[in-house]
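Now for the letters of each chain:
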Amino acid sequence: MDNILNKHLIVFVAKDFTRGLGLEEILPNFAIVCGYNSPALTKLKEKGTNILVTDLPNSGKILESEETVQYINDLKKELNCQEVSILCFKGDSKREFNCKKNGWNFLNLDATTTNYLESKINFQTLTEEIEIPLLPTLSGKMKDLNPTGLSENLVLQYTHGFAGNSAIFTKQEEFL
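Parameters at a glance
- Residues numbered from 1 in each chain as written.
- Predicted model: local features only at pLDDT ≥ 70, side-chain atom pairs only at ≥ 80, totals over all residues.
- Heavy atoms only, no water.
- Pairing = 2+ DSSP bridges.
- Helix = DSSP H or I, 4+ residues; strand = E, 2+ residues; numbered from the N terminus.
- Phe/Tyr/Trp six-rings, centres within 6.5 Å; stacked < 30°, edge-to-face > 60°.
- Buried < 20%, exposed > 50% of the residue type's maximum accessible area, 1.4 Å probe, protein only.
- Lys NZ or Arg CZ within 6 Å of the ring centre and 35° of its normal.
- Salt bridge = Lys/Arg side-chain N within 4 Å of Asp/Glu carboxyl O.
- Contact = heavy atoms within 4.5 Å.

1. Observations regarding the sheet that holds strand β1 (residues 8–14)
The strands making up a sheet associate through hydrogen bonds between their backbones, and the pairing can be parallel or antiparallel.
1) Next: Ordered by their spatial adjacency, 5 strands build an open sheet running β3-β2-β1-β4-β5, and the pairing between neighbours is parallel. Among the strands making up the open sheet, the edge pair consists of β3 (50–53) and β5 (105–106).

2. Notes on the packing of aromatic side chains
1) Next: Within this structure, the stated rule accounts for 1 aromatic pair.
2) Next: Judged by centre distance (5.8 Å) and plane angle (55 degrees), the ring pair of Phe-17 and Tyr-36 falls under tilted. Separated by 19 residues along the polypeptide, Phe-17 in the loop between β1 and β2 (30–34) and Tyr-36 in the loop between β2 and α2 (39–46) bring together distant segments of the chain.
3) Next: Phe-17 sits in the buried class, given a relative accessible area of 1%.
4) Next: Across the ring face of Phe-89, the terminal group of Arg-19 is positioned such that the distance to the ring centre comes to 3.9 Å.

3. Observations concerning the pattern of salt bridges
1) Next: Applying the stated criterion to the full structure yields 4 salt bridges.
2) Next: Its salt-bridge partner being Glu-64, residue Lys-94 comes within 3.6 Å of it at the nearest N-O pair. Highlighted residues: Lys-94 in helix α5 (residues 93–102) and Glu-64 in helix α3 (residues 59–64), separated in sequence by 30 residues.
3) Next: Residue classification places Lys-94 among the partly exposed residues on the basis of a relative accessible area of 32%.

4. Some points on the environment of Met-142
1) Next: The topology assignment puts Met-142 in the loop between α7 (120–129) and β6 (153–157).
2) Next: You can call Met-142 partly exposed: its relative accessible area is 37%.
3) Next: Sequence spacing of Met-142 and Phe-175 is 33 residues, and the spatial spacing of their C-alpha atoms is 9.1 Å.
4) Next: Not counting residues within four places of it along the chain, the set of residues in contact with Met-142 comprises Leu-156, Tyr-158 and Phe-175.

5. A look at the environment of Pro-136
1) Next: Positionally, Pro-136 belongs in the loop between α7 and β6.
2) Next: Taking the C-alpha atoms as reference points, Pro-136 and Val-53, separated by 83 residues in sequence, lie 43 Å from one another.

See the structure below:
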């Protein structure tokens, strides 16, 4: 296993680099490509972690940028690695496409599986299947839902959203 990792560059790509911290301690050829600078990155660089900071808003944009592609390919040569694998906070088809286009492996779940697991519509079914307790929940189209009998305070969550910006806190009477 050690032999394989010595010839393999693994790059964590995300706007927020903190989600990839810790891997630099265990992977011999590891790099971070992120979307903002931080004093913590200086400390990581001092420890020898390979880091590229861009000003791009998300890992999809970061992965498609020429600067990122050039950095990763140059680092692969510099470290004498045979393979490049990309790890993101979560997967989607754009990230998969950019990895495939550049000949890199994509370590995340495929986009179809990610979408299924992240869909709030599927969440209720998944938690019931594996018997995880869940607060009283209704799933479906908002126009068809009747929250009568649930708590007076409701949380509405759209099927897909980013970092909590699709959650709405409301009262039952306002919902109706």
